[in-house]
Amino acid sequence: SASFAAATVLLDTLNLRPITVELENNPIEGERYYQLKESLVAISGEESINSPGSPQQRALDWLAYNDGLKLDHRAPNLIQRYVLVVLFCSTTELQWHRDLQWLTDAHECEWKAEGGIRSCSENREVTDISLWNNLKGTIPTEIGHLTKLQVLYLARNQLYGTLPTEIGQLTDLTYLGLQHNRLSGEIPAEYMGKMVKLRTVYLEKNDFTGTIRRIGPLCQLKFDAVAPRGVLREINSDCKTLYHGDSLRFPVVVAQIAFQHEMQVNR
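Remember, it's a predicted structure, so these values are computed and weren't measured experimentally.

Can you help me understand the pattern of salt bridges in this one?
The full count for this structure, using the stated rule, is 5 salt bridges. For Asp172, the salt bridge is made with Lys197, and the minimal N-O distance between the two is 3.0 Å. Within this pair, whereas Asp172 is found in the loop between strand E6 (158–162) and strand E7 (175–177), its partner Lys197 is found in the loop between helix H7 (189–192) and strand E9 (200–202), the two being separated by 25 residues in sequence. Judged by its relative accessible area of 18%, Asp172 is buried.

Take a look at the structure:
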């Protein structure tokens, strides 16, 4: 569609715009730009947001100059909108297959078609992101600021890099689907141990390494009717070695095998 084509061109050229000239010619917009930047530096840090062509800088520029909503630095949905634009900018090394109405002037809860932002709370906080849309790039650390997320489905794309530790900030998350990507590094199980509402985790068909230990924080979220600590019922991941023990059985399947002790994630 025209809006999607415009968004794609925009993201290809934003980092080349003479921002300082634009600020000098429009001091009111210049003040708004710096107020937005000051608010968003707290989310991304100075280095990222000042790096030419970074997803963070491009997202800031879009919010300041191209977003028809013209949010100011006090807008309740500023951080949410910014994080979603950073996610878009971080995963568009290839063009998305479908136009999901992202980067339109509508509220971000309307950025959906066949997927995208599938649901929001009554307060218009994003609760479900489901994107299977030829995403290529990395999962930004800013994802941890979408604290009302309950479902994060980014499976069957071309995502690479590590799973950021900030994923552990999503304490309302019940479903995490990252299978069939190219993610690597260790699964941040220590940080994921804070996600007390997790029920289902799909990580298979990636390049993760390391060990998910039965006695570790993530597995301590397992559902246990006798001594409830969490509601986790299922982890799916490629496993290299499955160690069997005679202690508490964890009702989780790894490649269709009952997970009893700990698993070595396959490289």
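Additional details are given in the paragraphs that follow.
I would appreciate a short explanation of the packing of helix H5 (residues 55–66) against helix H6 (residues 78–90) in the present structure.
Helices that pack against each other are described as a pair by the angle of their axes relative to one another and the distance between those axes. Close contact between H5 and H6 brings their axes to 8 Å; oriented N to C, the two are set at 125°. As the angle between them shows, H5 and H6 are arranged oblique. H5 and H6 meet at a crossing whose hand is right-handed. Touching Pro55, Gln56, Arg58, Ala59, Leu60, Trp62 and Leu63 of H5 are Leu78, Arg81, Tyr82, Val85, Val86, Cys89 and Ser90, all from H6.

What is the right way to read the packing of aromatic side chains from this model?
Geometrically, a pair of aromatic rings is defined through the distance of the ring centres and the angle of the planes. With the rule as written, the count across this model stands at 10 aromatic pairs. Seen in terms of ring centroids, Phe88 and Trp102 are 6.3 Å apart; in terms of plane orientation they differ by 25°. Their pairing is stacked. Separated by 14 residues along the polypeptide, Phe88 in helix H6 and Trp102 in the loop between H6 and strand E1 (112–113) bring together distant segments of the chain. Given the relative accessible area of 3%, Trp102 is considered buried. Ring centres of Tyr175 and Tyr202 lie 5.7 Å apart, and the angle between their planes is 55°; on these two criteria the pair is classed as tilted. Of this pair, Tyr175 sits in strand E7 while Tyr202 sits in strand E9, and the two are 27 residues apart along the sequence. Its relative accessible area of 24% is what places Tyr175 among the partly exposed residues.

About the cut-offs
Sequence order as written defines the numbering, with residues in each chain counted from 1. Local features in this predicted model are restricted to residues of pLDDT 70 or higher, and side-chain atom pairs are both shown and tallied only at a pLDDT of 80 or more, whereas totals for entire chains, interfaces and linings draw on every residue. As a convention, hydrogens and water are excluded, and side-chain values are obtained from all of the structure's heavy atoms. Whenever Lys or Arg places a side-chain nitrogen within 4 Å of a carboxyl oxygen from Asp or Glu, that contact is recorded as a salt bridge. Numbering of helices and strands runs from the N terminus, with a helix taken as a DSSP run of H or I at least four residues long and a strand as a DSSP run of E at least two residues long. Each residue is placed in one exposure class: buried if its accessible area under a 1.4 Å probe, protein chains only, is under 20% of its type's maximum, exposed if it is over 50%, and partly exposed if it falls in between. As a rule, the C-alpha atoms of each element are fitted with a line to give its axis, helices using only the stretch in contact, and angles between N-to-C directions run from 0 to 180 degrees. The cut-offs work like this: below 35 degrees is roughly parallel, past 145 is roughly antiparallel, 65 to 115 is roughly perpendicular, and the gaps in between are oblique. Here a crossing is taken to be left-handed if its near helix is turned anticlockwise relative to the far helix by less than a right angle, and right-handed if that turn runs clockwise. By definition in these notes, contact holds between two residues if any of their heavy atoms fall within 4.5 Å. Planes of paired rings set the category: under 30 degrees apart is stacked, over 60 is edge-to-face and the rest tilted, where pairs are Phe, Tyr or Trp rings (Trp by its six-membered ring) whose centres lie within 6.5 Å.

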